[in-house]
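Here are the chains, one letter per residue:
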Amino acid sequence: MRIQNQVKKVVAVHDLSGMGRVSLMAVIPILSSMGFQVCPLPTAVLSAHTQYPDYSFLDLTDEMKNIIRKWQQMDVRFDTFYTGYLGSARQVKIVEELITRFRRPNDLVVVDPVLGDNGKLYVGMADEMVGEMRRLIRTADIITPNLTELFLLLDRPMLSVAELSDRVLKESLKALSDKGPEIVIVTSVPVMDNPHMTSVYAYNRGGGRYWKVTCPYLPAHYPGTGDTFTSVITGAIMQGDSLPIALDRATQFILQGIRATFGYEYNNLDGIMLEKVLHNLDMPIQVSSYELVE
């Protein structure tokens, strides 16, 4: 009898930054702590992430193809494909080829469509990447855009807080799901008339249900929270959690991480102190805060 490897593998297509807990420096510890083998497919190597004032950058687009070719020769199999920041149309095409070549019927594809925030594209993000990302999400089971990325992917103008009713958000989530992904999770949704709270909304086409989790908003910006959130979502779904429990687990972990970091005299660019809260990923959900949005 051939003994099967029982540890699920995640291929993580992200960049690697020497300083700052973002991308692979968040993805690897989180998913490893949750019991999965992370197989990095690095898109670039940086001395520090791009929110630092100065950094070195090595583009690995060509090497990505070499790595994939060697994996094919090894006949390796992955259970989940998880993509984050992609720097060019070429990298998007490489990811599409990776998924086409390796994906089996029950494998999971998670796309964090990193494009922009606060109503505009990130610095250095080309306009053509919006169209490329619209194509990539068609292959995904789960996508995790922030509010800005939700409207970019839908090719709609950004709405004001006053316009973000449950009805509008539900229609927007469904419209994006109709383009391919079964589950759409949108982060960074402000709560009307309460600047001290923020929300995450989600839609699962399989059950036709909408979920919402609301949590306190702390006035501090830490790079990498999006990578952290999607990594916990990915691990929770792989473990068999329901969508609302996965949302709870991810939002609670982010909140724990920010609270563990907030009190220090500390350079926020380094990101949240994951080392102080990784053990919480083994704990059961403390208080369920999800709501079914009717």
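Residues numbered from 1 in each chain as written. Predicted model: local features only at pLDDT ≥ 70, side-chain atom pairs only at ≥ 80, totals over all residues. Heavy atoms only, no water.

Student: Mind laying out the packing of aromatic side chains, listing which residues take part and the relevant values?
Tutor: By the definition in use, this model includes 5 aromatic pairs. Summarising the aromatic geometry, the rings of Trp-71 and Phe-78 are spaced 5.0 Å apart at their centres and angled 65 degrees between planes, so their arrangement reads as edge-to-face. Both residues of the pair, Trp-71 and Phe-78, belong to the buried class. For the ring pair Trp-211 and Tyr-290, a centre distance of 5.5 Å and an interplane angle of 85 degrees mean the geometry is edge-to-face. Placement of the pair is Trp-211 in strand β13 (residues 209-216) and Tyr-290 in strand β14 (residues 290-292), with a sequence separation of 79 residues. Since its relative accessible area comes to 9%, Trp-211 is described here as buried. Residue Tyr-290 is classed as partly exposed on the basis of its relative accessible area, which comes to 33%. Taken together through their ring pairs, the aromatic side chains of Trp-71, Phe-78, Phe-81 and Phe-102 make up a single cluster. (Phe/Tyr/Trp six-rings, centres within 6.5 Å; stacked < 30°, edge-to-face > 60°. Buried < 20%, exposed > 50% of the residue type's maximum accessible area, 1.4 Å probe, protein only. Helix = DSSP H or I, 4+ residues; strand = E, 2+ residues; numbered from the N terminus.)

Student: How would you sum up the environment of Val-114? Please name residues and give values.
Tutor: Inspection of the secondary structure puts Val-114 in the loop between β7 (108-111) and β8 (116-117). Classification of Val-114 by relative accessible area gives buried; the value is 12%. C-alpha of Val-114 to C-alpha of Leu-86: the two residues are 28 residues apart in sequence and 7.4 Å apart in space. Those residues within four positions of Val-114 in sequence are excluded, and the remaining contacts are Gly-84, Tyr-85, Tyr-122, Met-125, Met-133 and Glu-149. (Contact = heavy atoms within 4.5 Å.)

Student: Explain a positive patch on the surface to me, and be specific about the residues and the numbers.
Tutor: Together, Lys-65, Arg-69, Lys-70 and Arg-101 line one region of the surface with positive charge. It is helix α2 (residues 61-74) that contributes the most residues to the positive patch, 3 residues altogether. With respect to the helices and strands, the residue Lys-70 is situated in helix α2. (Patch = residues over 30% accessible without salt bridge, like charges linked within 9 Å, V, L, I, M, F, W, Y side chains within 5 Å. Areas by Shrake-Rupley, 256 points an atom, 1.4 Å probe, with all protein chains shown as cover. Salt bridge = Lys/Arg side-chain N within 4 Å of Asp/Glu carboxyl O. Lys, Arg positive; Asp, Glu negative; His and termini not counted. Charge placed at Lys NZ, Arg CZ, Asp CG, Glu CD.)

Student: Could you give an account of a nonpolar patch on the surface, with specific residues and numbers?
Tutor: A cluster of nonpolar side chains, Leu-16, Met-25, Val-45 and Leu-58, forms an exposed patch at the surface whose accessible area comes to about 300 Å². Looking at the secondary structure, you find Leu-58 in strand β5 (residues 57-59).

Student: Can you lay out the environment of Thr-261 for me, pointing to particular residues and giving the numbers?
Tutor: Mapped onto the secondary structure, Thr-261 falls in helix α8 (residues 243-262). Assessed through its relative accessible area of 0%, Thr-261 is described here as buried. Taking the C-alpha atoms as reference, Thr-261 lies 9.9 Å from Val-277; in sequence the two are 16 residues apart. At a separation of 2.8 Å, a polar atom in the side chain of Thr-261 contacts the main-chain amide nitrogen of Met-273. (Polar contact = N/O pair within 3.5 Å; in protein donor to acceptor, adjacent residues only side chain to side chain.)

Student: Go over the nonpolar core with me, naming the residues and quoting the values.
Tutor: Leu-41 and Trp-71 are the most contacted members of the largest nonpolar core, which has 46 residues in total. Here this core gets 6 residues from one element, more than from any other, and that element is helix α3 (residues 89-102). One finds Ala-26, Phe-229, Ile-258 and Leu-278 within the second-largest nonpolar core, a separate group that totals 39 residues. (Core = buried A, V, L, I, M, F, W, Y, C linked by side-chain atoms within 4.5 Å.)

Student: Go over the packing of helix α7 (residues 225-239) against α8 with me, naming the residues and quoting the values.
Tutor: At a closest axis distance of 9 Å, the pairing of α7 and α8 adopts a crossing angle of 145 degrees. The element α7 and its partner α8 pack so that their crossing is right-handed. Touching Thr-225, Thr-228, Phe-229, Val-232, Ile-233, Ala-236 and Ile-237 of α7 are Leu-243, Ala-246, Leu-247, Arg-249, Ala-250, Thr-251, Phe-253 and Ile-254, all from α8. Here the contact of α7 with α8 is built from residues that sort into 11 nonpolar, 3 polar and 1 charged. (Axes fitted to C-alpha atoms, helices over the stretch in contact; angles between N-to-C directions. Left-handed = near helix turned anticlockwise from the far one by under 90°. Nonpolar A, V, L, I, M, F, W, Y, C, P; charged D, E, K, R; others polar.)

Student: Tell me what's going on with the environment of Pro-223, and back it up with residues and numbers.
Tutor: As for its placement among the helices and strands, Pro-223 is situated in the loop between β13 and α7. A relative accessible area of 4% means that Pro-223 is categorised as buried. Counting along the chain gives 174 residues from Pro-223 to His-49, while the straight-line C-alpha distance between them is 8.7 Å. Setting aside residues no more than four positions away along its own chain, Pro-223 makes contact with Arg-21, Val-22, His-49, Gln-51, Asn-268, Leu-269 and Gly-271.

Student: Can you break down the sheet that holds β7 residue by residue, with the values?
Tutor: Spatially, the 9 strands line up as an open sheet ordered β3-β1-β6-β7-β10-β11-β12-β13-β14, and their pairing is mixed. Bordering the open sheet on either side are β3 (37-40) and β14, each of which pairs with just one other strand. In this structure, strand β12 (residues 197-204) lies alongside β13, joined through 8 bridges in antiparallel fashion. Following the sheet pairing, Tyr-201 is matched in β13 by Lys-212. Those strands touched by α8 are β11 (183-190), β12, β13 and β14, and its axis lies near 15 degrees from that of β13. (Pairing = 2+ DSSP bridges.)

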